[in-house]
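Tertiary structure, described
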Amino acid sequence: MTTPWVKLGDAAALASHGDYLTGRAPDAEGAAIPVVVQNFQGVLKAFRNVCSHRFALIHDQPCGRGLLRCPYHGWVYDADGVPIGIPFDDSDFHLDTQARRRLALTPVGLAVSGGAVWVNVDAAAAFAGDA
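A few points on the structure. (Residues numbered from 1 in each chain as written. Predicted model: local features only at pLDDT ≥ 70, side-chain atom pairs only at ≥ 80, totals over all residues. Heavy atoms only, no water.)

1. Brief notes about the pattern of salt bridges
- Applying the stated criterion across every chain, the model contains two salt bridges.
- Note that Arg65 is salt-bridged to Asp19, the shortest N-O span being 2.7 Å. With Arg65 in strand E5 (residues 63–65) and Asp19 in strand E2 (residues 19–26), this residue pair connects regions lying 46 residues apart in the sequence.
- On the accessibility criterion, Arg65 (58% relative accessible area) is exposed.
- On the basis of relative accessible area, Asp19 is assigned to the buried category, the value being 6%.
- Close ionic contact of Lys45 with Asp80 constitutes a salt bridge, the shortest N to O distance being 3.4 Å. Taken together, the residues span a long stretch of sequence, with Lys45 in strand E4 (residues 43–48) and Asp80 in the loop between strand E7 (76–77) and strand E8 (83–85) at a distance of 35 residues.
- Here Lys45 falls in the partly exposed class, since its relative accessible area comes to 25%.
- Assessed through its relative accessible area of 51%, Asp80 is described here as exposed. (Salt bridge = Lys/Arg side-chain N within 4 Å of Asp/Glu carboxyl O. Helix = DSSP H or I, 4+ residues; strand = E, 2+ residues; numbered from the N terminus. Buried < 20%, exposed > 50% of the residue type's maximum accessible area, 1.4 Å probe, protein only.)

Have a look at this one:
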């Protein structure tokens, strides 16, 4: 079963660095998966909106501006979804570059069309136009 594209919001809401939109998109079984689209220096990126550490929602508001930072333990993610700011990493986790990459957020499909932001939990899904 294919996963559908879902309109998340207006692209204008993502005009500045750090702006984000959140919502939910169905997976192949119909479960509502939390997603986030965030502006990183003018480039939009989309991920599952779930921290890879303790699986908390990263952004719990429908829109806003800020770092891609989990409110639970403060993990901060970069534009590739890789954790770059991990409190107590030096003393507790000792994660090298490869370990951090393995903890990257799961990407989701992203398209901007007609001034709208569209997402699909399947990162490889082809966007066929406004649904």
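2. Some details on the environment of Gly64
- Take Gly64: it is sitting in strand E5.
- Linking Gly64 and Thr22, residues 42 residues apart in sequence, is a C-alpha distance of 9.1 Å.
- Sequence-distant contacts of Gly64, defined by excluding residues within four places in its chain, comprise Gly18, Asp19 and Tyr20. (Contact = heavy atoms within 4.5 Å.)

3. Considering unusual backbone geometry
- Residue Gln41 is not a glycine yet carries a positive backbone phi of 50°.
- Following the sequence through the fold, Gln41 ends up in the loop between strand E3 (32–40) and E4.

4. A look at the side chain of Ser52
- On the secondary structure map, Ser52 appears in the loop between E4 and E5.
- Residue Ser52 is classed as buried on the basis of its relative accessible area of 18%.

5. Re the nonpolar core
- Counting residues in each nonpolar core, the largest one holds 12 residues, listed as Leu8, Leu14, Leu21, Ala25, Ile33, Val35, Val37, Ala46, Val108, Val117, Val119 and Val121.
- Every element with two or more residues in this core is listed here: E2, E3 and strand E10 (116–120).
- No other element matches the three residues that E3 contributes to this core.
- Ignoring any residue separated from it by four or fewer positions in sequence, one finds Val119 in contact with Pro4, Trp5, Val6, Leu8, Ala25, Val35, Val37, Gly109 and Leu110.
- Counting 11 residues, the second largest nonpolar core, distinct from the first, contains Tyr20, Phe47, Cys70 and Leu105. (Core = buried A, V, L, I, M, F, W, Y, C linked by side-chain atoms within 4.5 Å.)

6. Points about the side chain of Thr3
- Topologically, Thr3 is positioned in the segment before strand E1 (6–10).
- Taking relative accessible area as the criterion, Thr3 reaches 14% and is therefore assigned buried.
- Side-chain polar atoms of Thr3 contact the side chain of Asn120, separated by 2.4 Å.
- Ignoring anything within four residues of it in the chain, the contact list for Thr3 reads Pro26, Asp27, Ala28, Asn120, Val121 and Asp122. (Polar contact = N/O pair within 3.5 Å; in protein donor to acceptor, adjacent residues only side chain to side chain.)

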